[in-house]
Amino acid sequence: MAELLRRRRSELLEVWRERVHEAVTASRAMTAAALQEHLPGFLDNLLEGVLHPGGRVHQENRRLARAHGRQRSELGAYTLADVLQEYQILQSVLLEVLQREAPAALGGIPPLLELVQEGLREAATGFQHARTETERLRSGERERLISAFKAATAATAIVHGPELRFEFANDEYQRLFFSSREYLGLPLRSVFTELEGTGIFEQLEEAYRAGRRVEQKEVPLNFRTVDGAMKLGYYTYTFTPHFDEAGRVQGLILMGIDVTEHVLAREAIQRSQELLALVMEAIPDLIGYITWEERLGFANRAYAQWYGKSAEEIVGLRTREFLGEELYARVHPLHQRALSGEAMRFETGRRNAQGELRHLEVRYLPDLGADGTVRGLVVVGNDITERKQAEDAVRRREEQLRLITDRLPAFVSYIDREGRYQFANRTYERWYGLKFSDMRGRKRHEFTTAETARLAEPYEKRALAGEAVRYENVLRKPSGEYSVQDVEFVPDRDSETGEIRGAVILAHDITEQKKIRQALEEAIRARDEFLSIASHELRTPLTSIQLQTQMMKRNIELGRPEAFEPARVTRLVAQTEKSVHRLTRLVDDMLDISRLSTGKLTFTPERFNLCELAHEVVDRLVVQASASGALLSCECHEAVEGAWDRFRIEQVLTNLITNAIRYGQGSPVEVTVHRSGPRALVKVRDQGPGVSAENQERIFQRFERATSANSISGLGLGLYISREIVERHGGSIRVESEPGQGATFIVELPLGEETR
């Protein structure tokens, strides 16, 4: 029987496997693997037990059967009934083979069945022991797992059954999702009603149904808070199935992490980066980044366009490749300095891709790591061409302004709102004896006298308050000399804001104008006096002539022949002639004044003897002198010849002698002519009241007399005209006199010189 079973060993094993597969409800793959591992050895031991009962064979048989039971227990899906059924099937297969193949050997079946039953008992014992141990281990493992879930930082929950009812949730899960709501034993769908339509429930059902793990990252979900409001958060979660002993899905382990802060921070960083990129693209400055290896790591649009490229075309290239050899040779040393940690700033002129020469302000900023090492450098280029052009335009305007103002006699300066000088022309510099560089940025009291600053301070304050101010000021120069200035403060007001930015100061030195004005006022006074005198002097001879003419007319009308007797007519004619002569002299003097003023007084030089001319004038005026009771004489012992205008020199002699007769009050008048070296001297002396020292210069001015206009007739022009004539001959005229001692008028004329 044992030999028969040994021959049928393979058949027995195959039939047993097939029937076990059909009978047991567990996975066929799992059952086949288990039978393949334990059944051949167990069957071999059965055969040995039949041939050699007891001893080692029984012990090995029990070991294999017990191992078979433990293995079935570990499969999880097996029950004790399944194990017993496997041995019952083995027993049935053995009996069928023996009844069919060896009916005569049926007497040996009881020992064989005993061995099968013994194996069955051992397998059952092994199964029970293994299951008990497994349950004990599983219970401890579950406790450890729950403890681990409770301590986990991730939100963790366990749901079971098709309805996914909550069995467990750790503190983090409750904090994130439950708030104050109930959850234990409740279906997940009823707890989180706000998740309807989000696809979460469908993912949970798929994980439970297929027994497949589901994982999602950074999903935006709205959960209801304690106050009922909806709060958006971002979550990364997994749904992991857990199985029972039979391999069936019992529920899901839900794990989630709140990544809201991370997502929002990343989105904020991303927005910042996008904004930075947008700004970088929009900013007109050239911005680039050069790595330690001198490769271009970044370039904004302006930087790339400068070289006529796009950023994609040049980023990653070595600087030599897109700068070109010439420019690279210029900037490479600067790059090396910056890559050594030196920050630099400089201005340079470069041509862009279009060939335009532009001015750039370039900054190299080393990029330092946390350990202080240089990782690269940031290049910032600002196109300052327009600024340079504006600065050049301002400089040219300043130069033009200075060119104009430096040629003005006026003081031109500018102070800012704090009273500090920002401009001063050359006249201003000369006045104070300072260069503008010594005044720039300083206040008035810092470079002028305290007196000057004190006088200007109230007007300066008014101007910087917005009031236009004009005043006259007496200032003392550094040299100590005083001058009168016409000063004007003009506020500089911003046309848009109305804010006072400073004030323009204009000042004119009107000292000479003041003098001229005084002289003009004096001249006007003299003119008025002259007009009064001229009208009086002209009226006197005209009145005399008019009266004589009217008298003759009346005598003619009355037919009085005695009125026309020769003696009376001669006297009348003489009086008329005297009036006409006086009138002629007055008119001649006024004509000479006019000619002198307009530069039209002409001179015709000729050589003549001055002595002869003096005698002629004296002889002509003897009668007039005698009428005044004056004795007129002329002394000249030698010929005094020179080149002069005879008519004008006669006019001078006539004026001097006539004045001496008029002012001498009947005293003798002496005229002398002689030579003195290269000059001719003429002296006219009277013994009248004389001329005071303060009047000796004044009497040579227009419309001036030594006495009042009422005491002596005449226009007061004779001496003025005489001095003009003498000086134009290159000579001079003066008076020597003391009050009560008479006066001597002295004329000096050059000999043999042409009249100027």
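Note that this is a predicted model, so its numbers are computed, not measured. (Residues numbered from 1 in each chain as written. Predicted model: local features only at pLDDT ≥ 70, side-chain atom pairs only at ≥ 80, totals over all residues. Heavy atoms only, no water.)

Concerning the sheet that holds strand 7 (residues 296-299)
Going by this rule: Paired strands, in this sense, are two strands between which DSSP finds at least two bridges. Helical segments are the DSSP runs of H or I of at least four residues, strand segments are the runs of E of at least two, and each set is numbered from the N terminus. The axes used here are C-alpha line fits, helices contributing only the stretch in contact, and every angle between their N-to-C directions lies in the interval 0 to 180 degrees. Here a residue-residue contact requires only that any non-hydrogen atoms of the pair lie within 4.5 Å.
Taken in spatial order, the five strands make up an open sheet running 7-6-10-9-8, and their pairing is antiparallel. Since the sheet does not close on itself, it has two edges, and those belong to strand 7 and strand 8 (344-351), each with one partner. Geometrically, the sheet is characterised by an average inter-axis angle of 25° between neighbouring strands, direction not taken into account. The sheet contact formed by strand 8 and strand 9 (residues 357-368) spans eight bridges and is antiparallel. The residue bridging Met344 from the neighbouring strand is Tyr364, located in strand 9. Against the sheet, helix 15 (residues 385-405) contacts strand 8, strand 9 and strand 10 (374-383), and its axis sits at roughly 125° relative to strand 9.

Regarding the packing of helix 21 (residues 610-627) against helix 22 (residues 646-663)
Basically, it comes down to this: Should an angle fall under 35 degrees it is called roughly parallel, over 145 degrees roughly antiparallel, and 65 to 115 degrees roughly perpendicular, with every other angle called oblique. Two helices cross in a left-handed way if the nearer one is turned anticlockwise from the farther one by less than a right angle. They cross in a right-handed way if the turn is clockwise.
Axis separation between helix 21 and helix 22 bottoms out at 10 Å; the angle between their running directions is 40°. Taken together, the axes of helix 21 and helix 22 lie oblique to each other. In the crossing of helix 21 with helix 22, the sense of the turn from one axis to the other is right-handed. Residues Leu610, Leu613, Ala614, Glu616, Val617, Val618, Arg620, Leu621, Gln624 and Ala625 of helix 21 form the contact with helix 22, whose participating residues are Arg646, Ile649, Glu650, Leu653, Thr654, Ile657, Thr658 and Ile661.

Observations concerning the side chain of Asp645
Short version of the rule: Each residue's exposure class comes from its accessible area (1.4 Å probe, protein chains only) as a fraction of the maximum for that residue type: buried when under 20%, exposed when over 50%, partly exposed otherwise. His residues and chain termini do not enter the charge count, which takes Lys and Arg as positive and Asp and Glu as negative. For this document, the term salt bridge refers to a Lys or Arg side-chain nitrogen within 4 Å of an Asp or Glu carboxyl oxygen. Here a polar contact is taken to be a pair of N or O atoms separated by no more than 3.5 Å, where protein atoms must pair a possible hydrogen donor with a possible acceptor and residues adjacent in sequence count only if both atoms sit in side chains.
Checked against the element boundaries, Asp645 lands in strand 18 (residues 641-645). In this structure, Asp645 is buried with no salt-bridge partner, the nearest side chain bearing the opposite charge being Arg648 at 5.0 Å. Polar side-chain contacts of Asp645 include one of 3.1 Å to the backbone nitrogen of Phe647.

A look at the sheet that holds strand 21 (residues 732-737)
To summarise the sheet geometry, strands pair through backbone hydrogen bonds and adopt either a parallel or an antiparallel arrangement. Spatial strand order, 17-19-20-22-21: five strands in an open sheet with mixed pairing. With one partner strand each, in any of the chains shown, strand 17 (632-635) and strand 21 form the two edges of the open sheet. Strand-to-strand twist across the sheet, computed as the mean angle between neighbouring axes with direction ignored, equals 15°. Pairing between strand 19 (residues 669-676) and strand 20 (residues 679-686): seven bridges, direction antiparallel. In the strand pairing of strand 20, Ser676 is matched with Arg679.

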